[in-house]
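Overview (structure and organization)
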Amino acid sequence: MGKVHNPSGAGVRAISSQVQNKTQKIREKENPVVDPAASETHETKVKDVGTARRNITRKKSTENEGAYDSRKKKQGGHGKGKWLEVQDGSLDDYADPIDVNDPLYDETEEAKYILSGGDAFIGEEEPSGYHESEGKAIYGPMLTLPEFKIRLAESIREYFDSGDSDEVIRSIEELKCRSFHPEVVKKAISLSLDEGPRERELISRLLTCLHPTPLSEEDMEEGFELLLQGLEELSIDCPDAKTMVGSFLARAVVDEVLPPKYLSTQNNERPGDPVVEKAVSLLSREHCTARLEHVWGPGDGRPVAELKTVLDQLLKEYLMSRELDEAARCVREMNASHFHHELVKRGVTHAMEAADPRDALDAMSALFSFLTKNAIVSEYQVAKGLNRLNKLLPDLSLDIPTAPELLAEFEDMVKERGCLPSPQGAEKAVEQ
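Residues numbered from 1 in each chain as written. Predicted model: local features only at pLDDT ≥ 70, side-chain atom pairs only at ≥ 80, totals over all residues. Heavy atoms only, no water.

**Comments concerning the overall build of the chain**
To keep things clear, this is the line we draw: Secondary structure elements are taken from DSSP: a helix is a run of H or I of four residues or more, a strand is a run of E of two residues or more, and numbering for both begins at the N terminus. Any two residues having at least one pair of non-hydrogen atoms within 4.5 Å are treated as being in contact. Only the protein chains shown count as covering a residue, and every accessible area follows the Shrake-Rupley method with a 1.4 Å probe.
Within the chain one finds 20 helices and five strands. In the chain, the proportion of contacts linking residues at least 24 apart, taken out of those at least 6 apart, comes to 68%. Just so you have it, the chain exposes about 28400 Å², and 49% of that area is on carbon and sulfur atoms.

**Some details on the nonpolar core**
Quick reminder of the rule: For the purposes of this section, nonpolar cores are sets of buried Ala, Val, Leu, Ile, Met, Phe, Trp, Tyr and Cys residues that join through side-chain atoms within 4.5 Å. Each residue's exposure class comes from its accessible area (1.4 Å probe, protein chains only) as a fraction of the maximum for that residue type: buried when under 20%, exposed when over 50%, partly exposed otherwise.
By size, the foremost hydrophobic cluster in this structure holds 49 residues, and its most contacted members are Ile189, Ile203, Leu210, Met220, Phe224, Leu249 and Leu258. Within the residue set of this core, elements represented by two or more residues are α3 (145–162), α4 (165–175), α5 (182–193), α6 (197–210), α7 (217–229), α9 (241–254), α10 (260–269) and α11 (274–283). For this core, the element with the most residues is α9, which contributes nine residues. For Leu210, the residues in contact, after removing those within four places along its chain, are Ile169, Ile172, Val184, Leu215 and Met220. Core analysis: the second largest hydrophobic core is formed by 39 residues, Tyr318, Met334, Val344 and Leu367 among them.

**What about helix α14 (residues 324–334)?**
Applicable threshold: Working note: the arc is built from the helix axis to C-beta atom directions.
Among the residues making up α14, those that are buried are Ala327, Ala328, Val331 and Met334. For α14, the angular spread of the buried residues around the axis is 120°, confining them to a single face. Counted as exposed and oriented over 90 degrees from the buried face of α14: Asp325, Arg332 and Glu333. On the buried face of α14, the contacting elements are α13 (304–321), α15 (340–352) and α16 (357–373). Once α14 finishes, Asn335 follows within two positions and takes phi at roughly 55°, a positive value.

**Describing the side chain of Arg200**
How we decide: Polar contacts, as counted here, are pairs of nitrogen or oxygen atoms within 3.5 Å of one another; within protein the pair requires one atom able to donate a hydrogen and one able to accept it, and residues that are adjacent in sequence qualify only if both atoms are side-chain atoms.
Mapped onto the fold, Arg200 is located in helix α6. Here the side chain of Arg200 touches Glu195 through a polar contact of 2.8 Å, landing on its backbone oxygen.

**What to know about the packing of α13 against α15**
For any two helices packed against each other, the geometry comes down to the angle between their axes and how far apart the axes lie. What counts, and what does not: Whenever a helix is involved, its axis is fitted only over the stretch in contact; in every case the axis is a line through C-alpha atoms, and angles between N-to-C directions fall within 0 to 180 degrees. An angle below 35 degrees is read as roughly parallel, one above 145 as roughly antiparallel, one from 65 to 115 as roughly perpendicular, and any other as oblique. For any helix crossing, the convention is left-handed if the near helix is rotated counterclockwise from the far helix by under a right angle, and right-handed if that rotation is clockwise. Residue polarity follows a fixed list, in which Ala, Val, Leu, Ile, Met, Phe, Trp, Tyr, Cys and Pro are nonpolar, Asp, Glu, Lys and Arg are charged, and the others, Gly among them, are polar.
In contact at an axis separation of 10 Å, α13 and α15 are set at 45° when each is read in the N-to-C sense. Of the possible angle classes, the one that applies to α13 and α15 is oblique. Relative to α15, the crossing made by α13 is right-handed. Mapping the contact onto sequence places Lys308, Leu311, Asp312, Leu314, Leu315, Lys316 and Leu319 in α13 and Glu342, Leu343, Arg346, Gly347, His350 and Ala351 in α15. The class makeup of the residues in the contact of α13 with α15 is six nonpolar, two polar and five charged.

**Re unusual backbone geometry**
Note the cis peptide between His211 and Pro212, where omega equals 5°. Within the chain, His287 stands out as a residue other than glycine whose phi angle is a positive 55°. The exposure class assigned to His287 is exposed, which follows from its relative accessible area of 55%.

**Observations concerning the pattern of salt bridges**
Oppositely charged side chains may form a pair once their charged atoms are brought near each other. Heads up, the condition is: Here, a salt bridge means any Lys or Arg side-chain nitrogen found within 4 Å of an Asp or Glu carboxyl oxygen.
Applying the stated criterion across every chain yields a total of 15 salt bridges. Asp255 is the partner of Arg251 in a salt bridge, and the nearest nitrogen-oxygen pair spans 2.9 Å. In this structure, Glu342 and Arg346 form a salt bridge, with 2.8 Å as the shortest nitrogen-oxygen distance. In this pair, Glu342 and Arg346 both sit in helix α15, four residues apart, roughly one turn of the helix. When sorted by exposure, Glu342 lands in the same class as Arg346, which is buried. What emerges from the salt-bridge pattern is a single network uniting Asp312, Glu342, Lys345, Arg346 and Arg388.

**Some thoughts on the environment of Leu283**
Position of Leu283 relative to the elements: it lies in helix α11. For Leu283, a relative accessible area of 25% translates into the label partly exposed. As for Leu283 and Arg251, which are separated by 32 residues in sequence, their C-alpha atoms are 8.7 Å apart. Dropping the residues within four chain positions of it, Leu283 is found in contact with Ala250, Val253, Val254, Leu263, Cys288 and Leu292.

In structure tokens, the structure reads:
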């Protein structure tokens, strides 16, 4: 169809239908049509005239008035899987008591005690504690097993520093976990395996102090049983664990911590076990009691002969290298502060026997000055070592004729370097 020629514009709308629709919507928004029925159902009322406070109320039909229950509201899923009411009796404030003959009857609910857990039983002599709010005695361990192990490890590490076994016993009793007492044996020996001979000697003495109170003979046997069961894991970190545990077993029998029949029982239950065989072999030696009392060495934890050998190697290496830090590290690792006077005695003797004794004595005085300033060797140990040298001077003069002169020069060196205590302290060192 071609162009329509209509110059007058008759019959053509001046405004399009789209514009008219938009105009109609705008007018409806400005002048909305009010439904009379809706205005009667939902009426807005002003509580206080002239204020901004409004109270909007919705009129409801009288048929459903008061019949609405929010508990039956479907919160998704058409209300599936939702319990409207709890019917198991757990929310009843005044539930009927269970009969004594009922299989679900629990005597602890009405008794005057509370079981805290573990292997507790009511026949224990004393309760572990008292629950103030419930007004009942507590039987059983007051801590969980992991908490008990953490507290026990802290007490044993403090014991390694102090050597006070009474404090360990007091801490174990304060924990009030009698059913966990076998863990004391396992934990104490396990911690000592990572330490030196001194700590192992302390643990052997601690086991003697712990028996028979607070650890009974049954606790000791069960503790060693736990130790033997976990020995494979201990051997991963400590390859000599089996040998050392065998020594602990033999020492416990000698100290009467374990009965001899315990080894016989273990030998029957564990035939060919290297730990049990090691303990039996130690007890089968001649004078086994005297030897096992020093199975870890004397009270310092190391034999005197071994300490002397280590000192000789240390001093000879120092005279060759003159490295103060390395020598100080070796002295500190020896962990034998009571034996440092022997270090002074042997150090001066090796210096006198050197090719250039005066130069060696000067180096030795520098070493003792470094050790005293860093609080590794005490001044009293230096004075005690010099006192021993003065007593041995006649014998030293037979091998070293210039020993008296050299010793006098060395004493002047250490005095200048401040390695000796005050005159009063020196007198005490001489008396010792």
